[in-house]
Amino acid sequence: MKNNNGVSENSTKNLLKQGTILMIASIVVRMMGLVYRIPLTNLWGDAGNGTYGDAYQVYALFLIISSISVPTMMSQMIGDRLARREYAAAKKVFRCALILVSSLGFICMLIMFFANQWIAEAFFSNPDAALVIRVLSPTVFIVSVMSVLRGYFNGTGNMRPTAISQLIEGFVNAVVSVVMALLLYSVSLSWSVAGGITGTGVGALAGLLFLFFGFLTFCRRSAVGAARAGEAREDSRGIYRQMAILMIPIILSSTMFNLKGLADSILFTKLMQAKGTETEVIQAIRGIYTQKFSVFLNVPIAFGDSLATAVVPSVASCIALKQYAEMKEKIQSVLKAVLLITIPASVGLGVLGKPILHMFFSASPIGGEMFWAGAFSAVFYAVNYVASAILQGMNRSHIPMRNGLICVAAGTALNVFFIWVLNLGAYTLPVSSLTFSFLMMLCNMLSVQKYCRMRLHLGQLVSKPLFCSLLMGLLCFIFYVLLFAISGSNALAVLGAILIGVAVYFFAMVNTNGITDKDMKELPFGKALRFFRIV
């Protein structure tokens, strides 16, 4: 079935469906992360979380170098070849990617393993992080191999294997992390943190094993599996060249973001020390930001990240088949879906962030004020991920890298201003996240409009979700206060306010035509929203 623009509604619906599959898996995994961080935070405190966060930043940097660009690159290259039915070439792309990426992952693992002490002391002035960095090092290699398999499945348009592997990885990670942290706590805090982070590697290994067996099953019944890579008309050198063209801008762009995080940590530490703040307090603030604020913020961001993953092969296929009208329709639908979820989620975090932290981290509940300053960065990050994915799908990966360089420079300068001039203190980190994400979103969205030759009516896309979200936020606050006064239970008041907020938001959106009948047809579970319609 096609709409008035000649665009297949089933195609757009399938894109949103695949993105939703990944989104549900990502949110469940993040909720698992929240649950297992409760005992870990109560065990370690904010100082232990700071050590965990320092080591994880290093891990994230090497992950960027070795594998973060791989699913996007694979999605585009596989999706482009499958659209043209070049099955042998798709298989050859997979083999070349496996060789290249596993080699990069192995080199990064060695650097982390042998340079852990120098990294911990030179960058964080935190020798306790050295052991944790070493324990994390094998995980980089495991995730590198896993990223190739995930990219392969994503390129075929099947997000289920990636979603299931994420669930397995998250569950195993949660169980192993808590068990090992408790077992090693009697040795020392640093050993407990190192034990807690082993779950990351064991979970990744479990996810890899699932994908490996899924890959063997898929190959036996797919056209790609039946094809012979040797029959591909493309030579390996050309494939590696295209991989480099796609990967390098993504790696550089992502590396800049991660280095900005490291630079922010170093700059924040040095400037706060210069202002007379104790090192233990600074480490605790960083722990609150990385293990509380960022963890909760990543839940709504997961929706944009998941749809971005689904967008890349879809845009690449549209470009290969010259289906430009369909591509523009998909972009509009994806952006609307992202804003539909992330705007109310951000408002909800701003209103209920503090009591939510009290509910999850009763032994160490401080830090909820950060949501007042930076909750809306979830919207900016989610939209930015989608915009970057669109540009990558159009073979313009260098654009997000260029925009990232500009925004990193501006963001670093603003950080100095926030700390030294405005004296924001602990609020510097969430405010920095807000300003940086807004600048990135603005630059990449302007680039999408330019290269897609389309005008995005963001005012129309934002106005109704924002109005309904503000109404929702007001009622959430009122009902939280009432429920807490009646029951005396913070958890009951939070859960009741969230349920009421969700109902109010969708009721308002459906009856103001913020969600139309067309949207209900395209959105997964959209038909259930008809329940809220009264006009």
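The notes below deal with the structure included here. Just so we're clear, the structure is a prediction, and the values are computed from it rather than from any experiment.

Looking at where S437 falls in the secondary structure, it is placed in helix 15 (residues 428-452). The class of S437 is buried, set by a relative accessible area of 0%. Within the structure, S437 has its side chain in polar contact with the backbone oxygen of S433 (distance 2.8 Å). Sequence-distant contacts of S437, defined by excluding residues within four places in its chain, comprise S377, F380 and Y381.

On the surface, L474, F477, I478, F479, V481, L482 and I486 cluster together to form a nonpolar patch covering roughly 670 Å² of accessible area. Position of V481 relative to the elements: it lies in helix 16 (residues 458-487). V481 gets classed as partly exposed once you look at its relative accessible area, which sits at 41%.

The next point concerns the pattern of salt bridges. In total, this model carries two salt bridges according to the counting rule given. The partner of R150 in a salt bridge is E169, with the nearest N and O atoms 2.8 Å apart. Placement of the pair is R150 in helix 5 (residues 129-155) and E169 in helix 6 (residues 160-184), with a sequence separation of 19 residues. A single burial state applies to R150 and to E169, both of which are buried. Between K354 and E369 there is a salt bridge, and its shortest N-O distance comes to 2.9 Å. Pair noted here: K354 is in helix 11 (residues 324-360) and E369 is in helix 12 (residues 369-374), with a separation of 15 residues, a long-range link. You can call E369 partly exposed: its relative accessible area is 23%.

Relative to the 39 Å expected for 27 residues at 1.5 Å per residue, helix 5 spans 37 Å between its end C-alpha atoms, a close match to the ideal helical length. The largest bend in helix 5 amounts to roughly 30° and is located at L136, with the proline P138 lying one to four residues further along. Immediately beyond the C-terminal end of helix 5, within one or two residues, lies G157, with a positive phi of roughly 85°.

Following the sequence through the fold, N403 ends up in helix 14 (residues 398-421). For N403, the side chain forms a polar contact with the side chain of R402, separated by 3.1 Å. Beyond its immediate chain neighbours, meaning those up to four positions away, N403 contacts M440, C443, N444 and S447.

This part is about the environment of L211. When you line up the elements, L211 lands in helix 7 (residues 189-221). The exposure class of L211 is buried, given its relative accessible area of 0%. Linking L211 and V148, residues 63 residues apart in sequence, is a C-alpha distance of 10.0 Å. Excluding residues within four positions of it along the chain, L211 makes contact with M146, L149, R150, F153, P161, T162 and S165.

The biggest cluster of nonpolar side chains holds 57 residues, and the ones touching the most others in it are M73, M74, I133, Y152 and M243. Mapped by element, the contributors of at least two residues to this core are helix 1 (9-68), helix 2 (70-83), helix 3 (87-114), helix 4 (116-124), helix 5, helix 6, helix 7 and helix 9 (236-274). Per-element accounting of this core gives the leading share, 14 residues, to helix 5. Grouped together as the second largest cluster of nonpolar side chains are 51 residues, M370, Y381, C476 and V504 included.

With the rule as written, the count across this model stands at 18 aromatic pairs. Ring geometry for F113 against F114: centres 5.0 Å apart, planes inclined by 80°, an arrangement best described as edge-to-face. When its relative accessible area of 33% is taken as the criterion, F113 is described as partly exposed. Of the aromatic side chains, those joined through ring pairs into one cluster are F94, Y152, F153 and F215. Across the ring face of F113, the terminal group of R134 is positioned such that the distance to the ring centre comes to 4.6 Å.

A word on the packing of helix 2 against helix 3. To characterise two packed helices, one gives the angle between the axes of the helices and the distance between these axes. Contact geometry of helix 2 with helix 3 gives a least axis separation of 8 Å together with a crossing angle of 165°. As summarised for this structure, helix 2 and helix 3 are arranged roughly antiparallel, according to the angle between their axes. Helix-helix and strand crossings are classified by hand; for helix 2 and helix 3 the assignment is right-handed. Contact residues: helix 2 offers V70, M73, M74, M77, I78, R81 and L82, while helix 3 offers Y87, A89, A90, V93, F94, A97 and V101. Among the residues making up the contact of helix 2 with helix 3, the classes are represented as 13 nonpolar, no polar and one charged.

How each quantity is defined
Residues numbered from 1 in each chain as written. Predicted model: local features only at pLDDT ≥ 70, side-chain atom pairs only at ≥ 80, totals over all residues. Heavy atoms only, no water. Helix = DSSP H or I, 4+ residues; strand = E, 2+ residues; numbered from the N terminus. Buried < 20%, exposed > 50% of the residue type's maximum accessible area, 1.4 Å probe, protein only. Polar contact = N/O pair within 3.5 Å; in protein donor to acceptor, adjacent residues only side chain to side chain. Contact = heavy atoms within 4.5 Å. Patch = residues over 30% accessible without salt bridge, like charges linked within 9 Å, V, L, I, M, F, W, Y side chains within 5 Å. Areas by Shrake-Rupley, 256 points an atom, 1.4 Å probe, with all protein chains shown as cover. Salt bridge = Lys/Arg side-chain N within 4 Å of Asp/Glu carboxyl O. Expected span 1.5 Å × (residues − 1). Bend = angle between axes of the 7 residues up to and from the residue. Core = buried A, V, L, I, M, F, W, Y, C linked by side-chain atoms within 4.5 Å. Phe/Tyr/Trp six-rings, centres within 6.5 Å; stacked < 30°, edge-to-face > 60°. Lys NZ or Arg CZ within 6 Å of the ring centre and 35° of its normal. Axes fitted to C-alpha atoms, helices over the stretch in contact; angles between N-to-C directions. Parallel < 35°, antiparallel > 145°, perpendicular 65-115°, else oblique. Left-handed = near helix turned anticlockwise from the far one by under 90°. Nonpolar A, V, L, I, M, F, W, Y, C, P; charged D, E, K, R; others polar.

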